[in-house]
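# Structural description and commentary
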Amino acid sequence: QVGLVESGGGLVQAGGSLRLSCADSGRTFSRYSMGWFRQAPGKERDFIAAVWSDYSTSYADSMKGRATISRDNAKNTVDLQMNSLKPEDTAVYYCAAGLGGPTRNWNAYQYWGQGTQVTVSS
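Each value, and the rule that gives it
- Residues numbered from 1 in each chain as written.
- Predicted model: local features only at pLDDT ≥ 70, side-chain atom pairs only at ≥ 80, totals over all residues.
- Heavy atoms only, no water.
- Helix = DSSP H or I, 4+ residues; strand = E, 2+ residues; numbered from the N terminus.
- Rg over C-alpha atoms; globule rule 2.2 N^0.38 Å.
- Buried < 20%, exposed > 50% of the residue type's maximum accessible area, 1.4 Å probe, protein only.
- Contact = heavy atoms within 4.5 Å.
- Areas by Shrake-Rupley, 256 points an atom, 1.4 Å probe, with all protein chains shown as cover.
- Lys, Arg positive; Asp, Glu negative; His and termini not counted.
- Charge placed at Lys NZ, Arg CZ, Asp CG, Glu CD.
- Core = buried A, V, L, I, M, F, W, Y, C linked by side-chain atoms within 4.5 Å.
- Disulfide = S-S within 2.5 Å.
- Pairing = 2+ DSSP bridges.

## Here's the deal with the overall build of the protein
- Secondary structure assignment for the protein yields zero helices and 11 strands.
- Ordering the α and β elements of the protein from the N terminus gives β-β-β-β-β-β-β-β-β-β-β.
- In summary, the protein has a C-alpha radius of gyration of 13 Å against a globular reference of 14 Å for 122 residues, a match within 12%.
- Summarising its shape, the C-alpha atoms of the protein cover approximately 40 × 25 × 25 Å along the three principal directions.
- Here the protein, with 122 residues, has 41% of them falling under the buried criterion.
- The long-range share in the protein, meaning contacts at least 24 apart out of those at least 6 apart in sequence, stands at 58%.
- Accessible surface for the protein amounts to roughly 6300 Å². Of this, 45% is attributable to carbon and sulfur atoms.
- The distance from the centre of the 12 positive side-chain charges to the centre of the 10 negative ones in the protein is 2 Å.

Right under this line is the structure:
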């Protein structure tokens, strides 16, 4: 089984940085593709970044150059480093895991964390 817990969210000023972390309680972490999504109030859930089981990565256009996703299979964690944050980055950020092939589609992810709030002030 997979259990995901996000951490690292909080309040940051525009232009600042945050590092989010997702810890998995499962025992087959290396098999999963891992993604980060976010959802702002009244908005749809958006893809942010993903790292596949083969360590390839993908980023949303809005985050290119500002975010880095990484995974540590030995620690069962996936991190999202975000820099140059903007007020429009304010959202609940979710970690997700899936056994499907590389995709940016949230439907491909079977397991989800409860989310961590990121608030960027101007």
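## Observations regarding the nonpolar core
- Core analysis: the largest hydrophobic core is formed by 27 residues, its most contacted members being Met34, Trp36, Ile69, Val78, Leu80, Met82 and Tyr93.
- When residues of this core are traced back to their parent elements, those giving at least two are strand 3 (18–24), strand 4 (33–39), strand 5 (46–51), strand 7 (67–72), strand 8 (77–82), strand 9 (91–98) and strand 11 (116–121).
- Per element, the largest residue contribution to this core is four residues, and it comes from strand 9.
- One finds Phe47, Trp52, Ala60 and Ala96 within the second-largest nonpolar core, a separate group that totals seven residues.

## Things to note about the environment of Ser84
- Along the polypeptide, Ser84 turns up in the loop between strand 8 and strand 9.
- Note: C-alpha distance between Ser84 and Ser56 (28 residues apart in sequence) is 23 Å.
- In this view, Ser84 contacts Gly15, Gly16, Ser17, Arg66 and Asp89; residues no more than four positions away in its chain are not counted.

## Quick word on the state of the cysteines
- Summed over all chains, the structure comprises one disulfide.
- Across a sulfur-sulfur distance of 2.1 Å, Cys22 and Cys95 are joined as a disulfide pair. Because the torsion about its S-S bond is -80°, the bridge between Cys22 and Cys95 counts as left-handed. In this pair, Cys22 is assigned in strand 3 and Cys95 in strand 9, connecting sequence segments 73 residues apart. Both residues of the pair, Cys22 and Cys95, count as buried.

## Points about the pairing of strand 1 (residues 4–7)
- Burial of strand 1 is one-sided: the residues Leu4 and Glu6 facing one way are buried, the residues Val5 and Ser7 facing the other way are not.
- Both strand 1 and strand 3 contribute to a ladder of four bridges, which runs antiparallel. Within strand 3, the position partnered with Glu6 by the bridge is Cys22.

## Focus: the pairing of strand 3
- Going residue by residue along strand 3, you find Leu18, Leu20, Cys22 and Asp24 tucked away on one face and Arg19, Ser21 and Ala23 left uncovered on the opposite face.
- When strand 3 meets strand 8, the two strands line up antiparallel, connected through six bridges. Residue pairing across strands places Ala23 opposite Thr77, the latter belonging to strand 8.

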